[in-house]
Structures are given as C-alpha cells and as structure tokens.
Amino acid sequence: MVQILCSVEDVSEDEPLQVKLSDGHAVAVYRWEGKFYCTDDLCTHGDASLAEGYVEDGEIICPFHLGSFCIKSGAPRTAPCSEPIATYVVTEKDGNLLIDR
Ligand code: FES
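In this report, the structure presented in the accompanying data block is examined. Treat the numbers as computed from the prediction; the structure is a model and nothing was measured.

Y30, C43, L50, V55, I60, F69 and I71 are the most contacted members of the largest nonpolar core, which totals 15 residues. Of the residues forming this core, the biggest block, three residues, is contributed by strand β3 (residues 26-32). In this structure, V8, V11, Y88 and I99 belong to the second largest nonpolar core, which totals 14 residues.

Here we take up unusual backbone geometry. Cis geometry is adopted by the peptide bond preceding P80, which originates at A79 and carries an omega value of 10°. Of note in this structure, D57 is not a glycine but carries a positive phi near 50°. Mapped onto the secondary structure, D57 falls in the loop between β5 (54-56) and β6 (59-61). According to the relative accessible area criterion, D57 is exposed, its value standing at 66%. One non-glycine residue, L66, adopts positive backbone phi at about 65°. Position of L66 among the secondary structure elements: in the loop between β6 and β7 (68-70). Residue classification places L66 among the exposed positions, given a relative accessible area of 51%.

Each value, and the rule that gives it
Residues numbered from 1 in each chain as written. Predicted model: local features only at pLDDT ≥ 70, side-chain atom pairs only at ≥ 80, totals over all residues. Heavy atoms only, no water. Core = buried A, V, L, I, M, F, W, Y, C linked by side-chain atoms within 4.5 Å. Buried < 20%, exposed > 50% of the residue type's maximum accessible area, 1.4 Å probe, protein only. Helix = DSSP H or I, 4+ residues; strand = E, 2+ residues; numbered from the N terminus.

This is how it looks when you write it as structure tokens:
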C-alpha cells in the first residue's frame, strides 16, 4: 500500500524524522546528499529509535550504543549492530515523500 510519509520539507539533512505509518509501524526518514531514504525506526540491536540518531557518511548512527547501518541497504556497518534493518524505497510526488509497504 502506498502511503504518504511526510512533506519533502519535513526532513532535513541534519536530522532523521520518525514517521508512524497507518498501522502504527515506525520508520525513520533520511535526507542525505539531496536524496531520501527510509528504514525501520527500531534498531535491530536494542530498543532505540534510529530517528533519534544522526547520519554520517550515509550511515545512521544509533543513539544507544553508537552502532550503525547503511541507510541505503540497511546493512549493519558498525558493532554492536549485526542484523540488517529493513529499508523502503522512497518516491517523491507533489512535494511529498511516499513509500510502498
Ligand atoms: Fe542500537 Fe544498541 S540499540 S546499537
């Protein structure tokens, strides 16, 4: 199902944005080098919201133990993260960001 995440202006390069989908599932939306990405918000290592972390070199750094994931592929990059996070393709339409989930 295609869902609107937010407006393009809602996501800054500095700060990921947490969005709750219609079923309550939380995702994190990122803007990096002018493109948009989306992953699950919940870290696979613990009970942390990745949207409260920060993006560096295309990786989301988890606020709890500073593990990281690639925001494009969801692959774990830095320990203690070892399980990938789910990623979603983001499309832009009429100033909004959408995902199909
Ligand atoms: Fe994210 Fe530990 S909870 S690195």
